[in-house]
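# Tertiary structure, described
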Amino acid sequence: MIEFHLDRGSGVATYLQLVHQVRHALRLGALRPGDRLPTAKEVVAQLTINPNTVLKAYRELEREGLVVGRPGLGTFVERSLGETSMSDRVRLRAELVQWVRNGRQAGLDQEDMRALVATVLGDMFREEIA
């Protein structure tokens, strides 16, 4: 089951942080169809937030077709995101870890690496469209 975390200084609305974390877990395969999300009561107890915030996040995920609420049972993952195999994810993560190590050794900080990755991603997706 997913465990939510909040970054209260991020400027991102709390419900969106929850939505983003579920999407992220779906992309990485940490959540799969049939998995139950924590109840609103569990999330409220863990994060000390308003129950309506959790419900708003779950409604957004339901609207996107990612989860489905089952009265009396909970909220369950309906579909996944990303179709990459677990072995490919493991391999790519290891390669990325090595890339980050190389970047740190070259003197890049976290923001430098983010900027570089964003630039490469933008370039690659523009090439695909052209």
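Cut-offs used in this document
Residues numbered from 1 in each chain as written. Predicted model: local features only at pLDDT ≥ 70, side-chain atom pairs only at ≥ 80, totals over all residues. Heavy atoms only, no water. Helix = DSSP H or I, 4+ residues; strand = E, 2+ residues; numbered from the N terminus. Buried < 20%, exposed > 50% of the residue type's maximum accessible area, 1.4 Å probe, protein only. Contact = heavy atoms within 4.5 Å. Domains from an automatic or database assignment. Phe/Tyr/Trp six-rings, centres within 6.5 Å; stacked < 30°, edge-to-face > 60°. Lys NZ or Arg CZ within 6 Å of the ring centre and 35° of its normal.

Below, the discussion takes up the side chain of Gln-17. The residue Gln-17 is located in helix 1 (residues 14-28) in this model. What makes Gln-17 buried here is its relative accessible area of 10%. Setting aside chain neighbours within four positions, we find Gln-17 in contact with His-5, Leu-6, Asp-7, Ser-10 and Val-12.

This part takes up the domain arrangement of the chain. Partitioning the chain into domains gives domain 1 (14-77) and domain 2 (86-129). Of note, the centres of domain 1 and domain 2, computed from C-alpha atoms alone, are 29 Å apart.

Taken as a whole and judged by the stated rule, the model has zero aromatic pairs. Above the plane of the ring of Tyr-15 lies Lys-56, whose end atom (NZ or CZ) is 4.2 Å from the centre. It is Arg-70 that lies over the ring of Phe-76; its NZ or CZ is 4.6 Å from the centre.

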